[in-house]
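Chain residues, written in single-letter form:
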Amino acid sequence: MRSGRIQSSASCSASSSSTFPHPPCLSSASRHCNFPRLLSPRALSLSQRVSRNCLVPETSQFSFSKQSSTNKKRLFPVNVGALVTSNTEAISTGPLVAEEKIGVLLLNLGGPETLDDVQPFLFNLFADPDIIRLPRLFHFLQKPLAQFISVLRAPKSKEGYASIGGGSPLRRITDDQAEELRKSLWAKDVPAKVYVGMRYWHPFTEEAIEEIKKDGITKLVVLPLYPQFSISTSGSSLRLLESIFRDDEYLVNMQHTVIPSWYQREGYIKSMANLIEKELQKFDRPEKVVIFFSAHGVPLAYVEEAGDPYKAEMEECVDLIIEELEKRKITNAYTLAYQSRVGPVEWLKPYTDDTIVDLGRKGVKGLLAVPISFVSEHIETLEEIDVEYKELALESGIENWGRVPALGCEPMFISDLADAVIESLPYVGAMAVSNLEARRSLVPLGSVEELLATYDSQRRELPAPVTVWEWGWTKSAETWNGRAAMLAVLVLLLLEVTTGEGFLHQWGILPLFH
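Residues numbered from 1 in each chain as written. Predicted model: local features only at pLDDT ≥ 70, side-chain atom pairs only at ≥ 80, totals over all residues. Heavy atoms only, no water.

Per an unreviewed UniProt entry, the protein chain goes by Ferrochelatase and derives from Gossypium tomentosum. Under the UniProt heading Pathway (unreviewed entry), the note attached to the protein chain is "Porphyrin-containing compound metabolism; protoheme biosynthesis; protoheme from protoporphyrin-IX: step 1/1." Regarding the protein chain, the relevant UniProt record gives this comment under Catalytic activity (unreviewed entry): "heme b + 2 H(+) = protoporphyrin IX + Fe(2+)". (UniProt positions renumbered as here; feature names shortened; annotations may be inferred.)

Next comes the structure, spelled out in structure tokens:
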């Protein structure tokens, strides 16, 4: 088998083009600051850019090392940019550190810590309009429906969490990462405080913000713990953060910046390559093992219609890791697929389960799974990959299975995240010169703000990951019956909410409405 990307029978035929501006060289700071050479005709003046949260220097203080890819064979064109190397020595943070209280806010999804937490966690998840999207006429049913679905799904989800120890380790790992990041920053003479804000479980983003205010933080770096940006992960967390900022005078005037993604940073790339190299050595014939990158999926419409850069960033990330491995004379075959799809809409392809079956049919005997979009162990690595996909691989004829652990608190990874924070500090500008302007957007100009604006302008037309109104929407009679059943469920819920009586109340499923 030749080294290179393996084409799955389920490979995606959709275009990977994106409306999101993707400059060739992006660092953790340039990613959210428009340098003069990257300014578009719509670029604001310097004073306007400063007021919109982005200080632009005359020259860049970052070091980039280009990675050659001319001899690399790929099955799709990817414009690999630069592997970003930190150069924190060139940045003077003295005045910032001496005069300001610096905070770092880590954003993550969150997860239930006990089996009793599973149902309320699912409620928070499904109550998000970006997860379940109802027609405008039925918006008032968002929470009752979230309660109904979470109760139905809780037993199955509890089985999954029970199999990994009775709850998600995500909070514990994220807290550990926050503490290690704090230590690394202090070791680099940046006495910052690090906070954790989860989207769907404790500690919620709102709780983290209250701590930030209580501590009197004056400069804040927002760092989503997602290496690649997506409107369904980082975007959702930033949108929530934006709504919190909009109505709070303290936050409106607090200086801050956002690091939207950091998949191209040297510390992350080398840490991933180190873990892959280590796990390959556990196989009897390491050179014959296929490196299988499995990323969390997103609905295809997010990429094709809303300009989500997730697919492009994921493909570039894989290429950078493979290039780093090739420097070490590791030339294994590799492929990329997407996991965790739900609902009836089309998601990014190829799907992980289909690809595993296809690789087995092609005679692959050794497979090393790499959870490329996760930096912490949780249900999708410990149960979905380690249990479900492993079983599928063995059933498909793949005899040797391995899995690269999530990065967790790998020292090089944490140190490079600290460098990313330090590099962004010179660009932490005043949010706005007026509260009116400040309330426009939390996200800095030139990166996530434009993406969110594009997404928000079309979000009513985009299918959500779980689209209740479209369940069963096909031409077959059987699924038409399913659609009718869903309408009946909505009617029953309407009666329950309006009358306060019915079988859901009798069963205690809707206790919020007693």
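A. Quick look at the confidence of the model for the protein chain. Chain-level pLDDT for the protein chain is 75 on average; 63% of the residues reach the 70-or-more range. Note that pLDDT drops below 50 for residues 430–448; the model gives that stretch 62 contacts with residues more than four away or on any other chain. (pLDDT = per-residue confidence, 0-100. Contact = heavy atoms within 4.5 Å.)

B. Main features of the sheet that holds strand β8 (residues 334–339). Spatial strand order, β8-β7-β9-β10: four strands in an open sheet with parallel pairing. Of all the strands in the sheet, just β8 and β10 (400–403) have a single pairing partner and so form its edges. Taking each pair of neighbouring strands and ignoring which way they run, the sheet shows an average axis angle of 25°. Judged from the six bridges that link them, strand β7 (residues 290–296) and β8 form a sheet pairing that is parallel. Bridging from a neighbouring strand, Phe293 pairs with Leu336 of β8. Contacting β7, β9 (366–371) and β10, helix α9 (residues 266–280) runs over the sheet at an angle of about 155° to β9. (Pairing = 2+ DSSP bridges. Helix = DSSP H or I, 4+ residues; strand = E, 2+ residues; numbered from the N terminus. Axes fitted to C-alpha atoms, helices over the stretch in contact; angles between N-to-C directions.)

C. Focus on the packing of helix α3 (residues 118–126) against helix α4 (residues 142–163). As a packed pair, α3 and α4 sit with axes 7 Å apart at the nearest point and diverge in direction by 135°. With respect to each other, α3 and α4 are oriented oblique. Every pair of crossing elements has a handedness; the one defined by α3 and α4 is right-handed. Counted together, Val118, Gln119, Phe121, Leu122, Phe123 and Phe126 of α3 and Gln142, Lys143, Ala146, Gln147, Ile149, Ser150, Val151, Arg153, Ala154, Ser157, Lys158 and Tyr161 of α4 form the full contact between these two elements. Taken together, the residues of the contact of α3 with α4 break down into ten nonpolar, five polar and three charged. (Parallel < 35°, antiparallel > 145°, perpendicular 65-115°, else oblique. Left-handed = near helix turned anticlockwise from the far one by under 90°. Nonpolar A, V, L, I, M, F, W, Y, C, P; charged D, E, K, R; others polar.)

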